[in-house]
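These are the residues of each chain, in order.
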Amino acid sequence: MPKRNDLKCILIIGSGPIVIGQACEFDYSGSQSLRSLREDGIETVLINSNPATIMTDPSMADHVYLKPLTTKSIIEILKKHPNIDAVLPTMGGQTALNLAIEADEKGIWEEYGVELIGVDIDAINITEDREQFRELMTKIGVPMAPQATATSFLKGKEIAQKFGFPLVIRASYTLGGAGASIVYKKEDFDEHLSRGLEISPIHEVMIDKAMMGWKEYELELLRDKNDNVVIICTIENMDPMGIHTGDSITVAPAMTLSDRTFQKMRDMAIKMMRSIGDFAGGCNVQFAVSPDEKEEIIAIEINPRVSRSSALASKATGYPIAKIATKLAMGYTLDELDNQITKSTSALFEPTLDYVIVKIPRWNFDKFEGADRELGLAMKSVGEVMGIGRSFQEALHKATQSLEIKRNGLGADGKGYKDYDVIISKLTHASWDRVFVIYDAIQMGIPLSRIHEITKIDMWFLKQYEELYHLEKEISTYNIETIQKDLLLEAKQKGYGDRQIAHMLGCWESEVYKKREELGVKRVYKLVDTCAAEFQAVTPYYYSTFEDVMETADGTQISANESVVTEKKKIVVLGSGPNRIGQGIEFDYSCVHGVLAAAECGYETIMINCNPETVSTDFDTADKLYFEPVFWEHIYDIIQHEQPEGVIVQLGGQTALKLAEKLDKYGIKIIGTSFESLDLAEDRGSFSKLLKENNIPYPEFGVAETAEEALELADELDFPILVRPSYVLGGQGMKIVINKEELEEHVVDLLRKIPNNKLLLDHYLDGAIEAEADAICDGEDVYIIGIMEHIEPCGIHSGDSNATLPPFNLGDLILEQIKDHTKKIALALNTVGLINIQFAIKDDKVFIIEANPRASRTVPFIAKAYKEPYVNYATKVMLGHNKVKDFTFNPQLEGYAIKQPVFSFNKFPKVNKNLGPEMKSTGESILFIDSLKDDAFYELYHRRSMYLSK
């Protein structure tokens, strides 16, 4: 039982739609928290407006409210549930905290007799109000950078005059470093100061003396009501001060910190946590350390809540911070709780890591034309990946292989920069690809001392890079016949992929794989066990590495593989990799449901994914989790090891789908729709032939592989023309062109970025209405789970459109055509599982834009709106466990549900905000309205054509 028996019903505030600076790590925390409360028999009420996440699934809380995150919604919920005893606001990022503070200021919690748990409002105010925080730190003897607060333009100018440049400006009460900037020159100061004052909700900025080049560290702490404190994880930023931690490459455990300084930092962190208030829960503390022998420490900030880093720290250590923080908020103490990994030791312990993790952010600058790509204090990344290895080098390589940016790892893929000026510029102005550019610089012969002088990255990291480059040089002197086992093993232990080794040896990837097999250089799997194997771990959470074979006394050769294969029938679910625009958390939702459905069908479930922010990589979601890159070599080795019945690819978005061809080629069974059908839908020529055979209309189109062919096609198709590459997600590279100059320019640009791609040119149906349908098909029957009509006209990417369920303006004739086309296409493609089809409607005729036989972005939205577990049903159909007719469909929706995209343009002030066929939204919210007379609908409908750009 909980230590506080008076808490029977708890309200959790979610983080709302995903924006840059606040992504799905808070859905992960919230989901953990809800599960933690339910374990103790507590009734849970959740408010969150994000339909794409597993957190708002009806299975997660007793009562889920998909409502706007406002005090008005809070009051409605409290009236409906007078039994709510407490609110836990620390799981939903800054959004939840700000809402809890606003409700507190309005006296709402007091009026309804609701207690705030897990946090102390005074503690938040102290940490957010930089002036108060500074005074407190001075009082407890914790040093900080010289800093002062400005609430007016004039005061800001005075401070700058006193401190001199460079300076850091930070806006109070903002998230993800919004409004923060480094100002090097006096003439840039006014603009940055005005922006900071404007962005801060209380129009206040903190101006600090910039500690450029100092090293940055983060500590994750937990404290209980008895004042027991544990430090769960120490994270070192490879990038020094000046780049937001969310945009930094981070490493755990800390690599370059002396033990003396680490002990000092621990003591400071604990002192800081205790000084800001008397609360039980999680806390994140950031420090800067001088890059000299003195190792001076200064405090940067403290966040009294679970943070972006606590999701990473949870996955890095296997210690579920949000789950334990929730228990502490309920009154438990650390010594009363189990270590979730061993189940036999207490949670009052500090994890020790016998491996290294490296996190690399994932950016999407290509979606924001004209964006300032230099990294700084305002976070710009949209997702992240994590690599686990036995060494920093192995983990770094695995993380770079997880990014899905057409790189095979560091160097050795022929894609590095060769221009001295470009390399120096990218090192000087921290670029998103600096992690690769460091390698290019070493390859070019730029001395480490020069790289260090420019980047201020610690010499230890640069030497690790240099070792990798020396190894590449050595391997390149051999060929596939002459390379020896020890060298091949060393390359694999340092994380080089078979593709990279093939590049060095001048042979095929498959030849390197074969050579490895012959020489016995094979992957082994290790448990993530939080206690460096001192105690037996029971969680099936693995990463791969390479070990030299040991020989026992009787001559048996062994290597320690900790992943034991069972006799059960198994299913592998391929995850969706890092979040990015076009492929977000909705695919993680589908993967989690796929895993749960496969388990219900009696399979052992295996998850492969590398995204630390999500529920799919929680160690107790699937029966076995392989925290590995969704990268061919890693997947193939796991499949060889586990021998599953098959692999589910249609739930993990384009990431998983792109691997279908390889799986098919290697004779690995794809569960559900076959590779032939997946490929047919992607190949525009074959797909159009299928549509023609079924008398289904589609816009006139052609396929071009050169600019010459594209120009010839333009004469037949008539402008405007929609140009798009094949096999891409989120409308990447799509554009509507209106003349031959524009067409030539765009085609040349596309073929440069995506060589050897087939480009599709469609006649664009100007002014058409766009709609889409999602359906489940078992090869015989088709059930349409939802038809949505877009409020914006055709030409704006479906992910950026406001869409209504059910349609608001389509007559019976059109709806019949949509239903008829959907059923015909699903059956003609031999779909087994989910399919999404997009339509353009013009002059009462329904044209097909495209069909995707996979889980789409809209499936979670429809499932939440209709209160039906569609992914669960679809997975059971894919597995052949059920037919469509076995399910009793009973959608429930009064009125309409509107899917509203949310953008993060505020991170890129100078970017063109026009919308078009390439997706730009980072998240979405759901809005329920009773009728079309609702003001919200009227306003959306009124604005529908404002953004449309050619």
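Residues numbered from 1 in each chain as written. Predicted model: local features only at pLDDT ≥ 70, side-chain atom pairs only at ≥ 80, totals over all residues. Heavy atoms only, no water.

Here we take up the overall build of the protein chain. Within the protein chain, the regular secondary structure consists of 31 helices and 35 strands. The C-alpha radius of gyration of the protein chain comes to 28 Å, within 12% of the 30 Å expected for a compact globule of 950 residues. Taking the principal axes of its C-alpha atoms as reference, the protein chain extends roughly 80 × 75 × 60 Å. Buried positions account for 65% of the 950 residues belonging to the protein chain. (Helix = DSSP H or I, 4+ residues; strand = E, 2+ residues; numbered from the N terminus. Rg over C-alpha atoms; globule rule 2.2 N^0.38 Å. Buried < 20%, exposed > 50% of the residue type's maximum accessible area, 1.4 Å probe, protein only.)

We now examine the side chain of Thr-614. The residue Thr-614 is located in the loop between β22 (604-609) and β23 (624-627) in this model. Looking at Thr-614, the relative accessible area reads 2%, which means it is buried. Of note is the side chain of Thr-614, whose polar atom sits 3.4 Å from the backbone oxygen of Asn-611. In this view, Thr-614 contacts Cys-24, Tyr-28, Lys-315, Asp-588 and Asn-609; residues no more than four positions away in its chain are not counted. (Polar contact = N/O pair within 3.5 Å; in protein donor to acceptor, adjacent residues only side chain to side chain. Contact = heavy atoms within 4.5 Å.)

A surface patch of negative charge is lined by Glu-700, Glu-705, Glu-708, Glu-709, Glu-712, Glu-716, Glu-741, Glu-744 and Glu-745. Listed by contribution, the elements that provide at least two residues to the negative patch are α26 (707-717) and α27 (740-753). Sort the elements by how many residues they give to the negative patch and α26 lands first, with four residues. Mapped onto the secondary structure, Glu-705 falls in the loop between β25 (701-704) and α26. (Patch = residues over 30% accessible without salt bridge, like charges linked within 9 Å, V, L, I, M, F, W, Y side chains within 5 Å. Areas by Shrake-Rupley, 256 points an atom, 1.4 Å probe, with all protein chains shown as cover. Salt bridge = Lys/Arg side-chain N within 4 Å of Asp/Glu carboxyl O. Lys, Arg positive; Asp, Glu negative; His and termini not counted. Charge placed at Lys NZ, Arg CZ, Asp CG, Glu CD.)

By volume, the second largest pocket amounts to about 1200 Å³. Ile-182, Asp-372, Glu-374, Leu-375 and Gly-376 are, among the 42 residues lining the second largest pocket, the residues nearest its centre. Listed by contribution, the elements that provide at least two residues to the lining of the second largest pocket are β8 (181-183), α8 (186-199), α13 (420-428) and α15 (448-455). Looking at the lining of the second largest pocket element by element, the count peaks at six residues for α8. Its residues assigned to classes, the lining of the second largest pocket comprises 19 nonpolar, 12 polar and 11 charged. (1 Å grid on protein atoms, 1.4 Å probe; cavity = no way out; pocket = protein on both sides within 12 Å on 5 of 7 lines; lining within 4 Å. Points joined across faces, edges and corners; volume = space filled by probe spheres on them. Nonpolar A, V, L, I, M, F, W, Y, C, P; charged D, E, K, R; others polar.)

Tallied over the full model, the rule gives 27 aromatic pairs. Look at Tyr-541 and Phe-627: their rings are 6.2 Å apart centre to centre, the planes differ by 45 degrees, and that puts the pair in the tilted class. In this pair, Tyr-541 sits in strand β18 (residues 541-546) while Phe-627 sits in strand β23, placing the two residues 86 residues apart along the sequence. Across the pair, exposure class does not vary: Tyr-541 and Phe-627 are buried alike. (Phe/Tyr/Trp six-rings, centres within 6.5 Å; stacked < 30°, edge-to-face > 60°.)

The strand order β25-β28-β26-β27 describes an open sheet built from four strands, whose pairing is antiparallel. Across the chains shown, the open sheet's two edge strands, defined by having one partner strand only, are β25 and β27 (735-737). Each strand of the sheet is rotated relative to its neighbour by a mean of 25 degrees, with strand direction disregarded. Packing against the sheet, helix α25 (residues 684-693) makes contact with β25, β26 (721-725) and β28 (759-763), and its axis sits at approximately 160 degrees to β25. (Pairing = 2+ DSSP bridges. Axes fitted to C-alpha atoms, helices over the stretch in contact; angles between N-to-C directions.)

Let us look at the pairing of β26. Where burial is concerned, most of β26 is hidden: five out of the five residues are buried. Judged by which residues are buried, β26 turns out to be covered on both faces: Ile-721, Val-723 and Pro-725 on one side and Leu-722 and Arg-724 on the other are all buried. Here β26 pairs with β27 via three bridges, running antiparallel. Each residue of the ladder has a partner; that of Val-723, found in β27, is Lys-735.

Ranked by internal contacts, the top residues of the largest apolar core, which has 165 residues, are Tyr-319, Leu-574 and Val-649. Counting 30 residues, the second-largest nonpolar core is a separate cluster that includes Ile-140, Ile-231, Met-268 and Ile-297. (Core = buried A, V, L, I, M, F, W, Y, C linked by side-chain atoms within 4.5 Å.)

Position of Tyr-603 among the secondary structure elements: in the loop between α20 (585-600) and β22. Taking the C-alpha atoms as reference, Tyr-603 lies 30 Å from Lys-823; in sequence the two are 220 residues apart. If we ignore the near neighbours within four places in the chain, the residues touching Tyr-603 are Lys-569, Lys-570, Ile-571, Ala-598, Asp-623, Glu-645 and Leu-879.

A cis amide bond links Phe-165 to the next residue, Pro-166, at an omega of 0 degrees. Examined against the element boundaries, Pro-166 turns out to sit in the loop between α7 (153-163) and β7 (167-171). The residue Glu-295 is not glycine, and still its phi comes out positive at about 45 degrees. Residue position: Glu-295 is located in the loop between β13 (281-289) and β14 (297-303). The class of Glu-295 is buried, set by a relative accessible area of 10%. Even without glycine at this site, Lys-456 takes up a positive phi of about 65 degrees. Among the secondary structure elements, Lys-456 is positioned in the loop between α15 and α16 (459-475). You can call Lys-456 partly exposed: its relative accessible area is 38%.

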